[in-house]
Amino acid sequence: MSESTILLAHGGGGRLSRDLVQREIVTRFGDGPLRGLPDAARLPAFTRPLVFTTDSYVVQPAEFPGGCIGDLAVHGTVNDLAVSGGVPRWLSVGLILEEGLPIELLRRVLDALQAAARACGVTVATGDTKVVARGQCDQIYINTAGLGEALEGFTLGPDRIRPGDCIVASGTLGDHGAAVLAAREKLALGPAVRSDTGPVHRLVQALQPLAGEVRFMRDPTRGGAAAVLNELAEDHGLTFLLDDAAIPLSAGTRALTEILGLDPLHLASEGRLLAVCAPAAAEAIVCEWRRHPEGAGAAIIGTVLAPEAGSGARRGRVLMDTVVGGRRLVDFPQGELLPRIC
Amino acid sequence: MRYIDEFRDAAAARGIRLRLDEHAAALRARGRRATIMEVCGSHTMAIARYGIRSVLPDVVRLVSGPGCPVCVTDTGYIDAALALAERGITVATFGDMLNVPGSDSSLARCRAAGGSVLVCYSPTQAFDHARAHPDREVVFLAIGFETTVAPIAALIHRAATEGVPNLSFLTAFKTVPPALAALGADPEIRIDAFLCPAHVSAIIGADAYRPFSGPGGVPCVIAGFEPLDILLGIDGILAQLAAGEARVENQYSRVVTPEGNPRALALMSRYLQPADAHWRGIGTIPASGLDLRPEFQRLDAAVRHGVAVTAGRSHPGCMCGDVLKGKHEPPDCRLFGRGCTPDHPIGPCMVSSEGTCAAWFKYARGALA
């Protein structure tokens, strides 16, 4: 008899474990280095330097409008490789399942993971499944590590950012955070919000002809665009000026953040890219990105200002020109705005 | 988005700013300056968020008033709430109160140590919790201005009529007009005009500000919370000052009527009556609070559980009192941004999302030009 929920025995190393892995993992991922379930994947030699990253995913709820923990676990790691100038190649997937997890939910998550990996051109090379007792985790946690090859032509780093450079966003900001918040709190305020979870590696590859003009890239996940820019400001003494009217926002995220008094710049995106580039290249980047569906909402959102004169330590800031012509500070989000969004 | 985009229109903003410059020139010609107090915490936040100070003529100064209900709640009130929680009573509160420092602790720390503190987004959650847990005493921390008093009065009505005997209220309500009277009479502050609150006015009505206008009074302009609302409010104030007038003007007529919300006012006066109230940093203002009427004392947590709200202790360096009166701006305080930040608040104005210090810290630290 086939079980409908995960049992502790599914992680026990016996018959149930083997059945689960055969039925749910091997059928989906068993074609590549996973074939035969070796203890370690054997990968072909690489020609370029490697980029390597890992991330754990604990989002709650596991399914939300626009995605689920399965595709999120691929996109998050692929995007970390991409913004480091890498072409994503291989993934490891570690699953931690809670006793009592509906197997149907696990299947939907693994289907989404498989589809996302395929769409991103990455292969799941190795993995692991553990089951913990009810209450010791929340439904399902996933860890993925990613290995990619560095693209030619990119020399990225905050120290390359110059006054006058432009900040370009690849699309509407904050949709993932807004969607998870709305799903978790069952908020139905205004237009529906969908997570933007998705890959950005094609957008990075599209910039290869302009690689010399791109100074820095980052995907604005936890803490949103405000955290990315404030970290740069604080660590490298850079001052950024954003244009409120130019920030791309979806109608749903805008309505939700207005009603709840949140700053969309503090909310996470999981399929967006921020690039700092030479001013002459900014328009070209926007045009290039807009040719891709995931970059359809690309826009120049601000510039880098000359370092501020002043006494004491060199410390940058993030400023914003508001719609009424005023200017204000854009700060880090305070406290724990929204736990477990990814 | 309707009702939002038209109040954030850049071209319209430029038009209003030109008018502000004209009014400012007229004031300058008469050797006058304009100190405008925005009374409401939501105005304080919107002014900071849209950088409105940075677009005003130099003769105009905006000072923030005591319009954040959390900020004006006395330390001793937090101490009383903590005393209740320590006795095993469930304390239900809006989230803003969690981190407000009492004399020695806060509700957040009390909860971390195992105290029963229930954070509510709506007062009805306290009602539902009390009904679901009939064996537990639940006390709702009933603070706020008229805007919040109205829904809590509706909750008091339910508690009184639907028989939930384990729910009671620790009241520290505040009302806006008596505070305006006290601030207007304070010779140290010298306010030239009030930018009057939006939602409070929806309850009490525009006519409530008549006593502060007219001969010997100051312009009182009610404005909404969108940036153009606020600019239009300031425009109306400067026009009055330039013309030597002092009228009540309702710029927020899409929500506020002259008489307010009679149903809400009737419900409030059925259960509550004016009482002297202690404002953190300001002191006691006669008839500026609302207490439960004597016939509903069984709903009064202070009576029922025998707790007294006494004067608490505040941090000696904290200038929240002067900030709340508009005498000082947050950066004048030695603690601002040093010991006192939103992550580690010392004074109440840094705790609340509507607090003046939090608004300055978040949106206006340092010169912005």
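What counts as what
- Residues numbered from 1 in each chain as written.
- Chains lettered and ligands numbered in written order.
- Predicted model: local features only at pLDDT ≥ 70, side-chain atom pairs only at ≥ 80, totals over all residues.
- Heavy atoms only, no water.
- Salt bridge = Lys/Arg side-chain N within 4 Å of Asp/Glu carboxyl O.
- Helix = DSSP H or I, 4+ residues; strand = E, 2+ residues; numbered from the N terminus.
- Buried < 20%, exposed > 50% of the residue type's maximum accessible area, 1.4 Å probe, protein only.
- Polar contact = N/O pair within 3.5 Å; in protein donor to acceptor, adjacent residues only side chain to side chain.
- Contact = heavy atoms within 4.5 Å.
- Buried area = accessible area lost by both parts, 1.4 Å probe.
- Axes fitted to C-alpha atoms, helices over the stretch in contact; angles between N-to-C directions.
- Parallel < 35°, antiparallel > 145°, perpendicular 65-115°, else oblique.
- Left-handed = near helix turned anticlockwise from the far one by under 90°.
- Nonpolar A, V, L, I, M, F, W, Y, C, P; charged D, E, K, R; others polar.
- Core = buried A, V, L, I, M, F, W, Y, C linked by side-chain atoms within 4.5 Å.
- Arc of directions from axis to C-beta.
- Expected span 1.5 Å × (residues − 1).

K.L.:
Explanation requested: the pattern of salt bridges in the structure shown.
P.N.:
Opposite charge on two side chains makes pairing possible when the charged atoms of those side chains draw close. Under the counting rule described, the total for this entry stands at 27 salt bridges over all chains. A:Arg28 serves as the salt-bridge partner of A:Glu24, at 3.0 Å between the closest nitrogen and oxygen. One end of the pair is A:Glu24 and the other is A:Arg28, both in helix α1 (residues 15–29) and four residues apart, which spans about a single turn. The buried category is assigned to A:Glu24, whose relative accessible area is 4%. A:Arg28 gets classed as buried once you look at its relative accessible area, which sits at 15%. B:Glu249 is the partner of B:Arg247 in a salt bridge, and the nearest nitrogen-oxygen pair spans 4.0 Å. Using a relative accessible area of 39% as the deciding quantity, one classes B:Arg247 as partly exposed. Each of A:Glu24, A:Arg28, A:Glu104, A:Arg107 and A:Asp111 takes part in a single network of salt bridges with overlapping partners.

K.L.:
Whenever I open this one, the side chain of B:Thr73 confuses me. Can you help?
P.N.:
All names here are of chain B. Here Thr73 lies in the loop between β2 (60–64) and α3 (75–86). Judged by its relative accessible area of 1%, Thr73 is buried. Polar side-chain contacts of Thr73 include one of 2.7 Å to the backbone oxygen of Pro69. Leave out the neighbours within four places in its chain, and Thr73 touches Met97, Ile143 and Arg280.

K.L.:
What is the right way to read the interface of chain B and chain A from this model?
P.N.:
Often, the extent of an interface is quoted as the loss of accessible area upon association of its parts. Facing the 28 residues of chain B at the interface are 17 residues of chain A. Of the roughly 2000 Å² buried between chain B and chain A, counting both surfaces, carbon and sulfur atoms make up 49%. The interface formed by chain B and chain A contains one salt bridge. Of the charged contacts, one joins A:Glu258 and B:Arg49 as a salt bridge, the two residues approaching to 3.6 Å between their closest N and O atoms. If you look at where chain B meets chain A, you find five residue pairs in polar contact (both at pLDDT 80 or more).

K.L.:
Would you mind going over the packing of helix α6 (residues 146–161) of chain B against helix α10 (residues 262–271) of chain B with me for this structure?
P.N.:
Between two packed helices, what matters for the description is the angle formed by their axes and the separation of those axes. Residue and element names in this part refer to chain B. Close contact between α6 and α10 brings their axes to 9 Å; oriented N to C, the two are set at 60 degrees. Classified by the angle between their axes, α6 and α10 sit oblique to one another. Once α6 is placed against α10, the crossing between them reads as left-handed. Here Glu146, Val149, Ala150, Ala153, Ala154, Ile156, His157, Ala160 and Thr161 of α6 lie close against α10, whose contacting residues are Ala264, Leu267, Met268, Arg270 and Tyr271. Counted by class, the contact of α6 with α10 contains ten nonpolar, two polar and two charged residues.

K.L.:
In this structure, what is going on with the nonpolar core? I would like to understand it.
P.N.:
Within soluble globular proteins, side chains that are nonpolar generally end up buried alongside one another. Residues and elements named next belong to chain B. With 100 residues, the main nonpolar core has Leu107, Phe140, Phe169, Leu170, Phe194 and Tyr209 as its most contacted residues. It is α6 that contributes the most residues to this core, eight residues altogether. For Phe140, the contacting residues outside a window of four places in its chain are Ala92, Phe94, Cys120, Pro123, Ala126, Ile152, Leu155, Leu167, Ser168, Phe169 and Leu170.

K.L.:
Just to check I follow, could you spell out α10(B) for this structure?
P.N.:
Counting along an α-helix, one turn takes 3.6 residues, and residues three or four places apart therefore face a common direction. Residues and elements named next belong to chain B. Residues of α10 that are buried include every one of Ala264, Met268 and Tyr271, and no others. Along the axis of α10, the buried positions cluster into a sector of 80 degrees, meaning they face one direction only. Among the exposed residues of α10, those oriented more than 90 degrees off its buried face are Pro262 and Arg263. On its buried face, α10 sits against α6, α8 (199–204), β10 (272–279) and β11 (283–292). Two or three places before Arg263, at the start of α10, stands the capping residue Asn261, its side-chain oxygen 3.1 Å from that residue's backbone nitrogen.

K.L.:
What am I meant to see in helix α1 (residues 10–29) of chain B here?
P.N.:
All names here are of chain B. In this model, α1 (20 residues) spans 29 Å end to end at C-alpha, consistent with the 28 Å of a helix rising 1.5 Å per residue. Listed in full, the buried residues belonging to α1 are Ala13, Ile16, Leu20, His23, Ala24 and Leu27. One side of α1 holds all its buried residues, which, seen down the axis, span an arc of 105 degrees. Seen from the buried face of α1, the exposed residues on the opposite side, beyond 90 degrees, are Arg14, Leu18, Glu22 and Ala29. Contacts from the buried residues of α1 go to β1 (34–38) and α9 (227–243). Its side-chain oxygen 3.3 Å from the backbone nitrogen of Ala11, Asp9 forms the N-cap of α1. Positioned one or two residues after α1, Gly31 has a phi angle of 65 degrees, which is positive.

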